[in-house]
Amino acid sequence: MKNTKTIYNLIVVGGSNGGMDAFMKILSGLSPDFHIPIAFVLHQQRGIQTLLPDILSRHTNLIVNEPLDKEQICDGHVYIAPSDYHLLIEPDGTFSYSYSEPINFSRPSIDILFETAAESFGNQVVGILLTGANNDGAKGLFKIQNKGGFCIVQSPKTARSQEMPQSAIGMGCDKHIIDLDQIAIYLNTLNMDNILNHPEQNG
Amino acid sequence: MEISDPEIDQLLYQVKNRYGYDFTNYSQASIKRRVIRFCEIHRIENYFDLKHHLINDHILFTDFVLQVTVNITEMFRDPSFFKSVKENLFPHLATYPHCKIWHAGCSTGEEAYSMAIMLEESNLMKTTIYATDINSEVLMQAREGTYSMKLMKDYTSNYIKSGGNNSFSDYYTAHYNMAIINAGLKKNIVFSQHNLVSDGSFNEFNFIVCRNVLIYFNKDLQERVLNLFYESLVPLGYLGLGSKETLQFSSLRDKFEVIDKKEKIYRRIE
Ligand SMILES: C[S@@+](CC[C@H](N)C(=O)[O-])C[C@H]1O[C@@H](n2cnc3c(N)ncnc32)[C@H](O)[C@@H]1O
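Residues numbered from 1 in each chain as written. Chains lettered and ligands numbered in written order. Predicted model: local features only at pLDDT ≥ 70, side-chain atom pairs only at ≥ 80, totals over all residues. Heavy atoms only, no water.

Attention now moves to empty space enclosed by the protein. A water-sized probe rolled over the atoms picks out the places where empty space is left. Residues and elements named next belong to chain B. Summed over the entire model, instances satisfying the criterion amount to 3 cavities of 30 Å³ or more. As a volume, the largest cavity reaches approximately 360 Å³. Around the largest cavity, the lining comprises 25 residues; the ones closest to its centre are Val70, Gly105, Asp133, Asn212 and Val213. In terms of residue class, the lining of the largest cavity is made up of 11 nonpolar, 10 polar and 4 charged. Its boundaries defined by the atoms lining it, the second largest cavity holds a volume of some 60 Å³. (1 Å grid on protein atoms, 1.4 Å probe; cavity = no way out; pocket = protein on both sides within 12 Å on 5 of 7 lines; lining within 4 Å. Points joined across faces, edges and corners; volume = space filled by probe spheres on them. Nonpolar A, V, L, I, M, F, W, Y, C, P; charged D, E, K, R; others polar.)

Next up, the structure:
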């Protein structure tokens with residue numbers, strides 16, 4: 001089970017086919033005082049991503065935005081990766097971008113977000129891999145697990161496309177395979193024991 | 001392959017001492033991935049081999065510079081940027097008897113040629129473009145100005161979206177599967193090597209274009225480079241950054257006004 005002593009300071013989420021709906025569902029289920037920063041990579045056609053922050057804002061009170069290069073990760077934000085750049089997490093708690101080659105035919109790549117989150121935030125990271133029709137993200141989620149982070153995989157039976165969650169489970173990220181409508185409930189209980197003295201973000 | 005953060009730091013430090021190229025202030029997460037990718041390409045399997053080969057093999061190092069920097073670019077990348085430049089900057093630039101534009105981090109030249117096309121169509125012929133990069137390899141390709149014919153379809157569409165007035169195919173000659181940029185466009189472009197980390201100002205410019213280069217630098221290095229740009233701009237000179245880049249987090253932001261927030265175009269105040 002989860003180690004209640006760890007304070008989770010960053011949630012990274014990835015999905016492709018069906019990922020948008022799944023992510024909206026999660027956002028709508030978060031409790032009003034939820035504040036752990038969330039970064040989301042969705043595979044999309046080039047150009048479409050610019051609309052995502054607007055659409056997602058309607059489903060949450062959190063601030064939804066596309067981060068700028070070297071923007072500091074802050075509580076109460078949902079950060080959406082724009083199209084056509086990889087989004088990375090730097091050790092000083094900022095975002096950076098790269099226009100390097102696509103990974104798993106994807107730019108942004110979920111693996112890159114997850115791996116850099118794991119390297120920069122270690123066991124303070126929660127990784128969530130949602131529905132999707134390819135295997136981007138599985139390697140990254142595995143890395144989060146290896147660094148002591150908390151990994152959630154959307155249960156394939158509740159996923160529009162099973163390949164993405166299935167790949168992660170295949171790699172051994174199988175401790176928390178959770179139905180879509182339960183994921184928000186899970187997130188709401190993160191940091192519960194510490195909620196009264198939530199420390200300064202130390203990323 | 002795994003390399004720890006201290007190992008990366010040590011490697012970059014030794015590279016700096018050995019070759020004078022300083023990557024120590026590049027974005028950490030990003031440069032680390034590039035170094036690991038470089039190892040995979042060259043089948044280098046551990047940190048010690050990497051360090052050993054890199055320090056002793058000059059030719060390998062040339063490729064290191066090429067691989068750890070990201071050189072991917074296009075013609076008229078982000079058409080809305082070029083459109084804004086044409087609409088908001090050109091009318092002002094046209095009032096100067098002679099204009100100088102600096103493309104810093106020009107890679108293989110596509111961005112500079114795109115600008116040259118726009119200038120020609122707006123009759124801003126008395127303009128010199130200085131296009132620089134850290135990398136001699138990409139500059140060679142830039143001078144050649146020969147690109148794959150396969151890309152021309154996308155570039156044509158970018159050109160039209162940027163507000164191009166003519167037919168894009170007028171600007172190159174097809175030769176087998178290559179497109180050769182017209183010599184006329186090269187006339188006003190000077191390609192040369194310049195390292196933003198260590199080299200200083202070399203001229204005064206009316207417009208500096210530095211797109212998708214700062215994302216690879218950490219905040220300290222960004223600050224240095226932005227200072228360099230500030231010093232290299234004439235009063236009321238313009239600065240154009242990449243779509244994810246911003247002056248917002250820099251101490252220099254008060255010395256610039258925002259011309260186009262979305263396209264990240266700024267103007268030096270006074
Ligand atoms: C992704 S390309 C940008 C090309 C073009 N400006 C664009 O936006 O498409 C980044 C370029 O920055 C160059 N670069 C990296 N570090 C540099 C430095 N210290 N000084 C000058 N150029 C540098 C790289 O060699 C590469 O060609």
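Another aspect to go through is the interface of chain A and chain B. Taken together, the 26 residues of chain A in the interface contact 28 residues of chain B. Between chain A and chain B, the buried area comes to about 2200 Å², and carbon and sulfur atoms account for 51% of it. Here B:Arg34 ties to A:Glu101 by a salt bridge, and the two come within 3.0 Å at their closest N and O atoms. Summed over the shared surface of chain A and chain B, the result is 17 residue pairs in polar contact (both at pLDDT 80 or more). Of all the secondary-structure elements, those providing two or more residues to the side of chain A that touches chain B are strand 5 (86-89), strand 6 (95-98) and helix 3 (110-121) of chain A. It is helix 3 of chain A that provides the largest number of residues to the side of chain A that touches chain B, a total of 4 residues. Taken together, the residues that form the side of chain A that touches chain B break down as 9 nonpolar, 6 polar and 11 charged. (Contact = heavy atoms within 4.5 Å. Buried area = accessible area lost by both parts, 1.4 Å probe. Salt bridge = Lys/Arg side-chain N within 4 Å of Asp/Glu carboxyl O. Polar contact = N/O pair within 3.5 Å; in protein donor to acceptor, adjacent residues only side chain to side chain. Helix = DSSP H or I, 4+ residues; strand = E, 2+ residues; numbered from the N terminus.)

Below, the discussion takes up the pairing of strand 7 (residues 125-129) of chain A. Residues and elements named next belong to chain A. Burial within strand 7 is extensive, with 5 of its 5 residues counted as buried. The side-chain alternation of strand 7 yields two buried faces, one formed by Val125, Gly127 and Leu129 and the other by Val126 and Ile128. Where strand 1 (residues 10-15) and strand 7 come together, 5 bridges link them in parallel fashion. Its bridge partner being in strand 7, Val12 is matched across the sheet by Gly127. Across 4 bridges, strand 7 lies against strand 8 (residues 150-154) in parallel orientation. Counted as the bridge partner of Gly127 is Cys151 from strand 8. Assessed by its sense of winding, the connection that carries the chain from strand 7 through helix 4 (residues 138-146) to strand 8 is right-handed. (Buried < 20%, exposed > 50% of the residue type's maximum accessible area, 1.4 Å probe, protein only. Pairing = 2+ DSSP bridges. Right-handed = clockwise from strand over helix to strand, strands pointing away.)

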